[in-house]
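Coordinate inspection notes
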Protein chains: 2
Amino acid sequence: METNITRPTLILNKSICLQNIERMAEKARKHQLRFRPHFKTHQSIDVGRWFRSTGVESITVSSVQMARYFASDGWKDITIAFPFNIPETDELSKLSTLGRINILVDNRDTVLSVGTKLMGTVGVYIKIRTDYFRTGVSWSENKKIHEIIRTIEKHKNLSFLGFLTHSGHTYQARSKNEIQQMHFDTLGKLNRLKEQFIHAYPNLELSIGDTPSCSVSDFFEGIDEIRPGNFVFYDLMQHQLHACSIDDIALSMHCPVVSKQKARSEIVVYGGAVHFSKEWIRNTDGKELYGRVRIRHNDEGTKLLPSTSYLCCLTQEHGVIRLSQAAFQHVQPGDIVEIIPVHACLTAHAMGRYITLQGEVMEMMPRF
Amino acid sequence: METNITRPTLILNKSICLQNIERMAEKARKHQLRFRPHFKTHQSIDVGRWFRSTGVESITVSSVQMARYFASDGWKDITIAFPFNIPETDELSKLSTLGRINILVDNRDTVLSVGTKLMGTVGVYIKIRTDYFRTGVSWSENKKIHEIIRTIEKHKNLSFLGFLTHSGHTYQARSKNEIQQMHFDTLGKLNRLKEQFIHAYPNLELSIGDTPSCSVSDFFEGIDEIRPGNFVFYDLMQHQLHACSIDDIALSMHCPVVSKQKARSEIVVYGGAVHFSKEWIRNTDGKELYGRVRIRHNDEGTKLLPSTSYLCCLTQEHGVIRLSQAAFQHVQPGDIVEIIPVHACLTAHAMGRYITLQGEVMEMMPRF
């Protein structure tokens, strides 16, 4: 692989990726959950087809643009898991004639705006906020939820499907136990909400999504579908959350070394904020960590360095790696080092494509 | 403009951009400096032509790929201001036959590796570290600098040009005065270095680059060329550094509102980390600020909100904006708000294109 790399290149270990897909698909089967993976992480028709070959038919995306991209490859059951963006109503209308399209709303205005302008039928989830702050109606606002449902029902091209949440606060958890607690809390709230509405809407579904909960938990009472995304590649953030092992991480960035700074025991690589994104996690030394490092180790392939050697700073196209003195001796300008990214979704998006160890180029959704 | 915007769109105010270019070009003329603007900020052949029409003939880029892109539009004097990346030697060799190409080195190994493999002649700057930590040979390491120069001289296709530095630590300054201090310190160190070598190398040049110093200072003794880049657009980071006024910022991201969260007095827009990058500055309230906000104000156009209303959180495609209660009332789902980015270089790169207020699409360097 390495001899062909001349600039930062994102490499995918396909067999790890297939294992990650199969493990989550198996968990969904075991708990009789619909598996509707979020495709915003890989954003690739090629990787999408690996999911299809395990039996997946329903998918999640984060934009109308992404729905169109995957619809072009024959996906016919797509949830756009983002508060619906009114200016894209015409695009949604076109998509609604091609297959089953579901949207999210958290307010009546959006329903009123979209409801009368569609050529086909669109499924509607109400986005519920349990604890994560970002968007949604609070799970306790029964009256508001009732009003939104009634507004949906007034439009023949809208069909109320149920309640959807994203427990994004699990990304702040400090232990597996804390993820479990947050997950149980979400389940409790969603099930209480369901009880209020199930008699009037016996087909209503509950959909949850975050990778930490879906990876860690084996309890999904009352839930109908899961929508994890990041698990397809995993990353250092998930590893720090104990949602995966380091060996479950399928992506690594291969970067050429361009400078050595002996006094600081640091090397500088071609590979910066535009390649990785500026997401970081807290390292054990209290500092910002932007990536873990593997270097070539004699003829035995590459070796993961302990977290005392790490990618400690990113500027536009430079990455600075702090190394132990022993590792520093091993690396010369022109060598390729491998860096495990902190956040797979942002890194894959920033790069716009990745290549398998076997050299297959995985094309991603075009930006325009 | 607004009626056509359906998803996050980066808008360029061309007249502000032209003013920024002219102001810096004038400063260079006044001080008899070669103006070699860094094109990594705009990464656009179209914007490059605006520079050309003010008389600019020499440019700076941050990668071999970017040199190739601008060479394709007829630029014939290009400095690749990045420690030379050995695996791209073949590409460099091709470029060396098309025009004047300069590279940076901070070690002998790179010189030895590149020196014998070039078809044309390549100019070489030694990258000097004054205080900024990233790459380069320390300005005080005379012996090492001598060795590198002698190694350059042994290769007939390499030509020693002088010393180049990037005072990136000015981005940490807290006042104009502090930028000036850092700039004077850099000038002092570079001029002392020049004194050591000018007799042996009477044509050697000094090249400096950062936008804060070039914007704030009017003192460039001993300097031959300046390479600022960010000034073409400026951004909130430069504004916080007092390197520009808020009205000098030429870019804004136009984002649709998708959710309102009344209890928190926050709105959520379609526009996230993949659009802005995750760069932030510290707001007056001590929190992370990812952008300042302009909203439509009756029929009088848009109005910049005080920094108590700001983009306070980014996830993959969501942006959360904290608003005063008064501003909150003014904004509805489907409206477009304008956000001034923290870091123009990363935002422009993340978007991959921008559009002028007049609707001209500025194409940028393709990713592959």
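Here is what the cut-offs are and how they apply
Residues numbered from 1 in each chain as written. Chains lettered and ligands numbered in written order. Predicted model: local features only at pLDDT ≥ 70, side-chain atom pairs only at ≥ 80, totals over all residues. Helix = DSSP H or I, 4+ residues; strand = E, 2+ residues; numbered from the N terminus. Buried ≥ 20, exposed ≤ 12 C-beta atoms within 10 Å, placed from the backbone. Contact = placed C-beta atoms within 7 Å. Least-squares fit on C-alpha atoms with pLDDT ≥ 70 in both. Domains from an automatic or database assignment. Nonpolar A, V, L, I, M, F, W, Y, C, P; charged D, E, K, R; others polar. Pairing = 2+ DSSP bridges. Right-handed = clockwise from strand over helix to strand, strands pointing away. Axes fitted to C-alpha atoms, helices over the stretch in contact; angles between N-to-C directions. Parallel < 35°, antiparallel > 145°, perpendicular 65-115°, else oblique. Arc of directions from axis to C-beta. pLDDT = per-residue confidence, 0-100.

1. Some thoughts on the overall build of chain A
- Across its full length, chain A carries 12 helices and 21 strands.
- Across its three principal axes, chain A shows a C-alpha extent of roughly 70 × 40 × 35 Å.
- Within chain A, the proportion of its 368 residues that are buried is 52%.
- A separation of at least 24 residues holds for 62% of the contacts in chain A among residues at least 6 apart in sequence.

2. Points about the relation of the copies chain B and chain A
- Relative to chain A, chain B is turned by 180° and slid 0.0 Å along the rotation axis, the superposed coordinates differing by an RMSD of 0.0 Å. Taken together, the rotation and translation describe the operation of a two-fold axis. It is K278(B) whose C-alpha, among those of chain B, lies nearest the rotation axis, at 2.8 Å.
- Both copies contact each other with a shared surface, as 100% of the interface residues of chain B are interface residues in chain A too.

3. Some points on the domain arrangement of chain A
Residue and element names in this part refer to chain A.
- Each domain of chain A was delimited in the assignment, giving domain 1 (2–9 + 246–363) and domain 2 (15–233).
- Listed per partner, the contact involves 10 residues of domain 1 and 13 residues of domain 2.
- Of all the secondary-structure elements, those providing two or more residues to the side of domain 1 that touches domain 2 are α12 (344–351) and β21 (361–363).
- Top contributing element to the side of domain 1 that touches domain 2 by residue count: α12, with 4 residues.
- In terms of residue class, the side of domain 1 that touches domain 2 is made up of 7 nonpolar, 1 polar and 2 charged.

4. Here's the deal with the pairing of strand β6 (residues 122–129) of chain A
Residues and elements named next belong to chain A.
- Taking burial as the measure, the 8 residues of β6 include 7 buried ones, the bulk of the element.
- With 5 bridges joining them, strand β5 (residues 100–105) and β6 adopt parallel strand pairing. Residue pairing across strands places V105 opposite I126, the latter belonging to β6.
- In this fold, the crossover linking β5 to β6 by way of helix α5 (residues 108–115) has right-handed handedness.
- Pairing geometry for β6 and strand β7 (residues 137–138), over 2 bridges, is parallel. Across the sheet, R129 pairs through a bridge with S138, a residue of β7.

5. Notes on the packing of α5(A) against helix α6 (residues 142–153) of chain A
Residue and element names in this part refer to chain A.
- Across the interface, α5 lies against α6 with an axial gap of 9 Å and an inter-helix angle of 5°. Classified by the interaxial angle, the pair formed by α5 and α6 is roughly parallel. Taking contact as the criterion, the partners of R108, V111 and L112 in α5 are, on α6, E147, I148, T151 and I152.
- Classifying every residue of the contact of α5 with α6 gives 4 nonpolar, 1 polar and 2 charged.

6. Comments concerning the interface of chain B and chain A
- Contacts between chain B and chain A engage 48 residues on the former and 48 residues on the latter.
- Among the elements of the structure, β4 (77–83), α5 (108–115), β11 (251–261), β12 (266–270), α10 (273–276), β18 (318–322) and α12 (344–351) of chain B are those that each provide at least two residues to the side of chain B that touches chain A.
- Per-element accounting of the side of chain B that touches chain A gives the leading share, 4 residues, to β11(B).
- Grouping the amino acids of the side of chain B that touches chain A by side-chain chemistry returns 17 nonpolar, 18 polar and 13 charged.

7. Comments concerning α5(B)
All names here are of chain B.
- All of the buried residues along α5 are T110, V111, V114 and G115. Each buried residue of α5 sits inside an arc of 115° when the element is viewed along its axis, so together they form one side.
- For α5, the secondary structure elements touched by its buried residues are α4 (89–95), β5 (100–105), α6 (142–153) and β8 (158–164).

8. Thoughts on the confidence of the model for chain A
- Per-residue pLDDT for chain A has a mean of 95; in total, 99% of the residues score no lower than 70.
- In the model output, the complex is listed with pTM 0.96 alongside ipTM 0.95.

9. Some points on unusual backbone geometry
- Residues other than glycine seldom take positive phi values, yet H242(A) does so here, at roughly 65°.
- The class for H242(A) is partly exposed, based on 17 C-beta atoms found within 10 Å.
- We note that S265(B) has phi near 50°; this positive angle belongs to a residue other than glycine.
- Within the element layout of this structure, S265(B) appears in the loop between β11 and β12.

10. Details of the environment of R294(A)
- Topologically, R294(A) is positioned in strand β15 (residues 291–296).
- Separated by 17 residues in the primary sequence, R294(A) and S277(A) have C-alpha atoms spaced 19 Å apart.

11. Section: helix α2 (residues 45–53) of chain B
Residues and elements named next belong to chain B.
- Listed as buried for α2 are V47, G48 and F51. On an axial view of α2, the arc spanned by its buried residues comes to 105°, and they lie on one face. Exposed residues on α2 whose side chains face more than 90 degrees from its buried face are R49 and S53.
- Residues of α2 that are buried make contact with α1 (14–30), α3 (64–71) and β21 (361–363).

12. Regarding the environment of A173(A)
Residues and elements named next belong to chain A.
- Within the fold, A173 resides in the loop between β8 (158–164) and α7 (176–197).
- According to the C-beta neighbour criterion, A173 is buried, with 22 such atoms within 10 Å.
- Separated by 67 residues in the primary sequence, A173 and Q240 place their C-alpha atoms 9.5 Å from one another.
- With residues up to four places along the chain from it excluded, the contact list for A173 reads E178, I179, M182, P212 and L241.

13. Regarding the pairing of β11(B)
Residue and element names in this part refer to chain B.
- Taken across its 11 residues, β11 has 11 buried, putting it largely inside the fold.
- As paired elements, β11 and strand β19 (residues 336–341) share 4 bridges and run antiparallel to each other. Paired with H254 across the two strands is E338, which belongs to β19.
- Sheet analysis places β11 next to β12, joined by 4 bridges and oriented antiparallel. When the bridges of β12 are listed, Q261 appears paired with E266.

14. Things to note about the environment of S63(B)
- By secondary structure assignment, the location of S63(B) is in the loop between β3 (59–61) and α3.
- It is 9.6 Å that separates the C-alpha atoms of S63(B) and E88(B), two residues lying 25 residues apart in sequence.
- When neighbours within four sequence positions are excluded, S63(B) is seen to be in contact with E317(A), I80(B) and F82(B).

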